[in-house]
Amino acid sequence: PLLEETKKKLGMFCQVSPEAVVSVHDVSNTYNIPLMLQKQGVCNMLIKTLRLVWRLPVKLERWAKMASTAESQSGELTIAIVGKYTGLSDSYLSIVKALEHAGMAIGKKILVSWVVSDHLEEKSTRESNGKSAPPASSSSSAGESYELAWKQVTEADGVLVPGGFGDRGVEGKISAAKYCRENKKPYLGICLGMQLAAVEVARNVLGLANANSEEFNPNAQHLVAVNMPEISTTHLGGTMRLGLRKTVIRSEDCLSYWLYGSLGIEERHRHRYEINPKMVEAIERDGGLKFVGQDVNQERMEIVEREDHPFFLGTQFHPEFLTRPGRPSPPFVGFVMACSGMPLDRKNVEQTVMSIREQDPWAE
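Below you will find a few notes about this structure. (Residues numbered from 1 in each chain as written. Predicted model: local features only at pLDDT ≥ 70, side-chain atom pairs only at ≥ 80, totals over all residues. Heavy atoms only, no water.)

## Regarding a nonpolar patch on the surface
So, step 1. A cluster of nonpolar side chains, L46, L50 and L52, forms an exposed patch at the surface whose accessible area comes to about 290 Å².
So, step 2. Position of L46 among the secondary structure elements: in helix 3 (residues 42–50). (Patch = residues over 30% accessible without salt bridge, like charges linked within 9 Å, V, L, I, M, F, W, Y side chains within 5 Å. Areas by Shrake-Rupley, 256 points an atom, 1.4 Å probe, with all protein chains shown as cover. Salt bridge = Lys/Arg side-chain N within 4 Å of Asp/Glu carboxyl O. Helix = DSSP H or I, 4+ residues; strand = E, 2+ residues; numbered from the N terminus.)

## Observations regarding the sheet that holds strand 8 (residues 223–227)
So, step 1. On the basis of which strands lie adjacent, the open sheet formed by three strands has the order 7-8-11 and mixed pairing. Two strands in the sheet have a free side with no partner beyond their single neighbour: strand 7 (212–213) and strand 11 (273–275).
So, step 2. In the sheet, strand 8 pairs with strand 11 via three bridges, with the strands oriented antiparallel. Of the residues in strand 11, the one forming a bridge with V226 is E274.
So, step 3. Lying over the sheet, helix 8 (residues 192–204) contacts strand 7, strand 8 and strand 11, oriented at roughly 45 degrees with respect to strand 11. (Pairing = 2+ DSSP bridges. Contact = heavy atoms within 4.5 Å. Axes fitted to C-alpha atoms, helices over the stretch in contact; angles between N-to-C directions.)

## Things to note about the pattern of salt bridges
So, step 1. For the coordinates displayed, the defined rule picks out 16 salt bridges.
So, step 2. R250 is paired through a salt bridge with E284; the nearest N and O atoms lie 3.1 Å apart. With R250 in the loop between strand 9 (241–249) and helix 9 (255–260) and E284 in helix 10 (residues 277–286), this residue pair connects regions lying 34 residues apart in the sequence.
So, step 3. Because the salt bridges share partners, they merge into one network encompassing K178, R181, E182 and E200.

## Section: the pairing of strand 9
Regular strands show a simple pattern: their side chains alternate between the two faces of the sheet.
So, step 1. When strand 9 meets strand 10 (residues 264–271), the two strands line up antiparallel, connected through eight bridges. Bridging across to strand 10, L242 finds its partner in R270.
So, step 2. Sheet topology note: the strand 9/strand 12 (residues 289–295) ladder contains three bridges and is antiparallel. When the sheet's bridge partners are listed, T247 is paired in strand 12 with D295.

## As for the packing of aromatic side chains
So, step 1. Under the criterion given, the structure shown has eight aromatic pairs.
So, step 2. Taking 4.7 Å as the distance between ring centres and 15 degrees as the angle between the ring planes, the aromatic pair formed by Y187 and F312 counts as stacked. Within this pair, whereas Y187 is found in strand 6 (residues 187–190), its partner F312 is found in strand 14 (residues 312–315), the two being separated by 125 residues in sequence.
So, step 3. The exposure class of Y187 is buried, given its relative accessible area of 1%.
So, step 4. Take F312: its relative accessible area is 3%, and that puts it in the buried class.
So, step 5. Geometrically, the ring pair formed by F311 and F335 is tilted, given 5.8 Å between the ring centres and 45 degrees between the ring planes. Placement of F311 in the loop between strand 13 (301–306) and strand 14 and of F335 in helix 11 (residues 330–339) is noted, with a sequence separation of 24 residues between them.
So, step 6. By relative accessible area, F311 is classed as buried at 1%.
So, step 7. On the accessibility criterion, F335 (0% relative accessible area) is buried.
So, step 8. Put simply, the rings of Y31, W63 and W362 pair up and form one aromatic cluster. (Phe/Tyr/Trp six-rings, centres within 6.5 Å; stacked < 30°, edge-to-face > 60°. Buried < 20%, exposed > 50% of the residue type's maximum accessible area, 1.4 Å probe, protein only.)

## Describing the sheet that holds strand 14
So, step 1. With mixed pairing, nine strands are arranged side by side in an open sheet as 2-1-5-6-14-13-12-9-10. On the outer flanks of this sheet lie strand 2 (108–116) and strand 10, each paired with one strand and no other. Strand after strand, the sheet turns through a mean of 25 degrees between neighbouring axes, direction not considered.
So, step 2. Bridge count for strand 1 (residues 75–83) against strand 5 (residues 158–161) is three bridges, and the pairing is parallel. Directly across from A80, in strand 5, lies its bridge partner V159.
So, step 3. Contacts from helix 8 reach strand 5, strand 6, strand 12, strand 13 and strand 14, with the element oriented near 115 degrees to strand 6.

Right under this line is the structure:
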């Protein structure tokens, strides 16, 4: 903190009052910065100068609780993020922040384990008792990368497959979805991660061995994900489905409704491909997946869940785009709850969500 003499000197040379000189020194976490500024009178000065309506006491009280929670988590969770841009973690910064915000709300510190999706597909996954299992040890460099990647997946508390483009590492992501489905490990698939979870089920549950996405194999016999009909397949510029779109949750008897608390939600989108409507009936009937969220015309699949699983959820939209500290994204809240072993029955989920909302520092 600055000494009063220093503030007076700086104020004199900058032609402002000493009260307008503030110290922005190091704090334990970034969420303490607004509180530090408030203690130095910055908020009062801005409110007085700009003639704002005073609504800060309650908001700052909630913010202070949130900042304190960020430093007092009761445990740690390891989340494996399976992607192909893991060498530059900023590529998934929104994902990391969404996990962090959900972890703060649940009281858990999130540790990210970066898994290169290519490394999960360098040799066939060994089968044990009909379930995906870690590979046998190998002395080769490729084998060691493969073994390490699968060790990260199997030891993580949950697996998240984010969005992405291009076919590199896709088979590894499908293998990760298969492992999570068979071994009851919490799985959250976002955009491409949802589409590949459906491809995995089509291949390994429905028996459609060559099922794929049109993005990776347009000549596949069974296309689980297809290009949107209104989008050009030859021009890439300006051809994505972008922005805030409404999703309708089909029933109150599903995890998504319990997390969101509403049958109508709005989330941001960024995609060219979507679940093939012609495959939906077979996947729901024989694959164990339920597309519980659709667009307003009931043509596009927006949310998928698996009932016989602790937490297996995918979204076509990007819920991480709307996350805030103190107001975490609902799918991420459910994911972190599952990873921490919390029960996901309706009563417990709704109580947890209500508790988070009561402490929302952004609420009016």
